[in-house]
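Take a look at the letters that make up each chain.
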Amino acid sequence: WTGKIDQAVPGDHRHATGAVEGKIRWVQDGAQAHMNRVTPLVAAGLITETEKRSFWFHAVNLMVWDALMDPAKNDPTVTCFEVAEGHSPNLEIIIFLPLAMPLIAKKLRNDLDGRGQYVLYLGPSRTVRGGIVCYDPSTKALSIKYAFRRADLVINVTPQQRHRIARKLYGEMYTPDSDAED
């Protein structure tokens, strides 16, 4: 520090503040879009509303990862990640998927239960190289997994619920049994 206070250029503060606020708004909007993917899981009974709220941190974190891949303002030839970390990101080991994507995932080393678990993707791991942060709805625990494949979302629906849903969607439908009732 030179001990001298320099006067900022008029309007400079407004421009910098506007750029920062714009990026924060972009992160918030993106996190909200990720959270919109989680709402059907609550409606299906796969997770609770409280669990959904706990995913906000991961939704924001996923958007920050995304923002780090943008070109840096002071040097567009490098990413913000490179400016912050000092090296370029290895996209072969940083895995980006949509938040709460259902997966069948396994640990790095198999144990007695080597089949994998049904989990929801929450983001890339910052601490484990090539890992992904997952949420297991059955144990309500976070874990880091390595090998995974996409899993179809399976919602348990009773026959009565299925009939009620079909009636809502299609109205009364003709079936061969309906002739026998007349």
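No experiment lies behind these values; they were computed from the predicted model shown. (Residues numbered from 1 in each chain as written. Predicted model: local features only at pLDDT ≥ 70, side-chain atom pairs only at ≥ 80, totals over all residues. Heavy atoms only, no water.)

### Let's talk about the side chain of His34
Put simply, the rule reads: For helices the rule is a DSSP run of H or I covering at least 4 residues; for strands it is a run of E covering at least 2, with both sets numbered from the N terminus onward. The rule is simple: take the accessible area with a 1.4 Å probe, protein chains only, and divide by the maximum for that residue type; under 20% is buried, over 50% is exposed, in between is partly exposed. Residue contacts are counted whenever heavy atoms from the two residues lie within 4.5 Å of one another.
Following the sequence through the fold, His34 ends up in helix H1 (residues 12–43). Judged by relative accessible area, His34 falls into the buried class, the value being 16%. For His34, the residues in contact, after removing those within four places along its chain, are Ala59, Leu62, Met63, Pro98 and Leu99.

### Digging into the packing of aromatic side chains
For clarity, the threshold we go by: Two aromatic rings, drawn from Phe, Tyr or Trp (for Trp, its six-membered ring), form a pair once their centres lie within 6.5 Å of each other, and the interplanar angle then sorts them: stacked below 30 degrees, edge-to-face above 60, tilted otherwise. A ring is considered to have a charge above it if a Lys NZ or an Arg CZ atom is located within 6 Å of its centre and within 35 degrees of its normal.
The full count for this structure, using the stated rule, is three aromatic pairs. Ring centres of Trp65 and Phe81 lie 6.2 Å apart, and the angle between their planes is 20 degrees; on these two criteria the pair is classed as stacked. Of this pair, Trp65 sits in helix H3 (residues 56–68) while Phe81 sits in helix H4 (residues 80–85); the two residues are 16 residues apart in sequence, bridging distant segments of the chain. A residue is classified by how much of its surface remains accessible, and Trp65, at 4% relative accessible area, is buried. On the basis of relative accessible area, Phe81 is assigned to the buried category, the value being 6%. Seen in terms of ring centroids, Trp65 and Phe96 are 6.0 Å apart; in terms of plane orientation they differ by 75 degrees. Their pairing is edge-to-face. With Trp65 in helix H3 and Phe96 in the loop between H4 and strand E1 (102–106), the pair connects residues that are 31 residues apart, well separated along the chain. Here the aromatic cluster, defined as three or more aromatic residues joined through ring pairs, consists of Trp65, Phe81 and Phe96. The ring of Trp26 is capped by Lys23, whose NZ or CZ atom sits 4.7 Å from the centre of that ring.

### Brief notes about the confidence of the model for the protein chain
Put simply, the rule reads: How sure the predictor is of each residue is captured by pLDDT, a score from 0 to 100.
Here the protein chain averages 80 in pLDDT, and 76% of its residues register 70 or above. By mean pLDDT, the top-scoring element of the protein chain is helix H2 (residues 49–54) (94), and the lowest-scoring one is helix H6 (residues 176–181) (52).

### A word on unusual backbone geometry
Most peptide bonds are trans, and most residues other than glycine sit at a negative phi. With a phi close to 65 degrees, Ala100 is a non-glycine residue in the positive phi region. You can see Ala100 is positioned in the loop between H4 and E1. A relative accessible area of 4% means that Ala100 is categorised as buried. The backbone of Lys140 shows a phi angle near 60 degrees, a positive value even though the residue is not glycine. Take Lys140: it is sitting in the loop between strand E3 (132–136) and strand E4 (141–145).

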